[in-house]
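# Remarks on the overall topology
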Amino acid sequence: MLQNMIPVLVLLAILVGIAFALKWARRRMPGAAGHSGPPMQLLSSLSLGPQLRVVTMQVGQGEDRVCLVLGVSPSSVNTLHQMPMPADLPDTPIETPASGFAARLAQLTQPRKDAHAG
């Protein structure tokens, strides 16, 4: 039985080694490390149709923060309005209430208050 497990363990060790090698190489490749540019944060999103949305985003940090209002369609993203962020707003993420599928799923997974009474 041990003879059958040795090739499996060797293959597993090789696969884990390849995964670590790829992770190491990805960090060293320029432009492959993910997002490069100013920090961005989605503030809100409003659906106007099946494929049309209006999105507000915060771009930048500190005093250089800017709020962008974007029109998003399947073929383009257009800037509708740009304004500086108010200085009194914190630099922390703004949480908006869930809507659509996420809100309905949260309602269904929360226990009912009246189910435990009785």
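Use the structure listed above.
Description of the structure in this document. (Residues numbered from 1 in each chain as written. Predicted model: local features only at pLDDT ≥ 70, side-chain atom pairs only at ≥ 80, totals over all residues. Heavy atoms only, no water.)

## What about the overall build of the protein?
The following threshold applies: Each helix corresponds to a stretch of at least 4 residues labelled H or I by DSSP, and each strand to a stretch of at least 2 residues labelled E; elements are numbered beginning at the N terminus. Accessibility here uses a 1.4 Å probe with only protein chains present; expressed as a share of the type maximum, an area under 20% marks a residue as buried, one over 50% as exposed, and anything in between as partly exposed. Two residues qualify as a contact provided that any one of their heavy atoms is within 4.5 Å of a heavy atom in the partner residue. In short, Shrake-Rupley with a 1.4 Å probe defines the accessible areas, and a residue's cover is counted only from the protein chains shown.
Looking only at helices and strands, the protein features 2 helices and 4 strands. Scanning the protein from its N terminus toward the C terminus, one meets helices and strands in the order α-β-β-β-β-α. Looking at the protein residue by residue over its 118 residues, the buried ones come to 13%. Counting only contacts in the protein whose residues sit at least 6 apart along the sequence, the fraction spanning at least 24 positions is 15%. When the accessible surface of the protein is split by element, carbon and sulfur atoms take 64% of a total near 10,100 Å².

## Thoughts on the pairing of strand β3 (residues 66-72)
As a reminder of what qualifies: Two strands make a pair as long as DSSP finds a minimum of two bridges between them.
Of all 7 residues that make up β3, 5 are buried, and the element is covered over most of its length. Here 7 bridges tie strand β2 (residues 53-59) to β3, and the two strands are oriented antiparallel to one another. Residue pairing for β3: Arg 53 is matched across the bridge by Val 72. Here β2 folds back onto β3, and the loop between the two strands holds 6 residues, one of which, Gly 60, carries a positive phi near 95 degrees. The pairing of β3 with strand β4 (residues 77-84) spans 7 bridges and is classified as antiparallel. Of the residues in β4, the one forming a bridge with Val 72 is Val 77.

## What about the sheet that holds β3?
Using the following cut-off: Note on definitions: angles span 0 to 180 degrees between N-to-C directions of axes, and those axes are lines fitted to C-alpha atoms, for helices only across the stretch in contact.
Pairing is antiparallel across the open sheet formed by 4 strands, whose spatial order is β1-β2-β3-β4. Of all strands in the sheet, those with a lone pairing partner are β1 (40-47) and β4, marking the two edges. Taking each pair of neighbouring strands and ignoring which way they run, the sheet shows an average axis angle of 20 degrees. Summarising the sheet, β1 and β2 pair through 7 bridges and their orientation is antiparallel. For Gln 41, the partnering residue across the bridge sits in β2 and is Gln 58.

## Side note on the nonpolar core
Rules: Residues enter a nonpolar core if they are buried and are Ala, Val, Leu, Ile, Met, Phe, Trp, Tyr or Cys, with the set joined through side-chain atoms within 4.5 Å.
Core analysis: the largest hydrophobic core is formed by 5 residues, namely Val 55, Met 57, Val 59, Leu 68 and Leu 70. Elements with a contribution of two residues or more to this core: β2 and β3. Broken down by element, the residue count for this core peaks at 3 residues, all from β2. Once you skip the residues sitting within four places of it in the chain, Met 57 turns out to touch Met 40, Gln 41, Leu 42, Leu 43, Val 66, Cys 67, Leu 68 and Leu 70.

## Considering the side chain of Thr 56
Test applied: Between N or O atoms, a polar contact is any pair within 3.5 Å; within protein, one atom must be a potential hydrogen donor and the other a potential acceptor, and residues adjacent in sequence are included only when both atoms are from side chains.
Position of Thr 56 relative to the elements: it lies in strand β2. The exposure class assigned to Thr 56 is buried, which follows from its relative accessible area of 17%. At 2.6 Å, the side chain of Thr 56 and the side chain of Ser 44 are in polar contact. Once residues within four sequence positions are removed from consideration, Thr 56 is found in contact with Gln 41, Leu 42, Leu 43, Ser 44, Cys 67, Leu 68 and Val 69.

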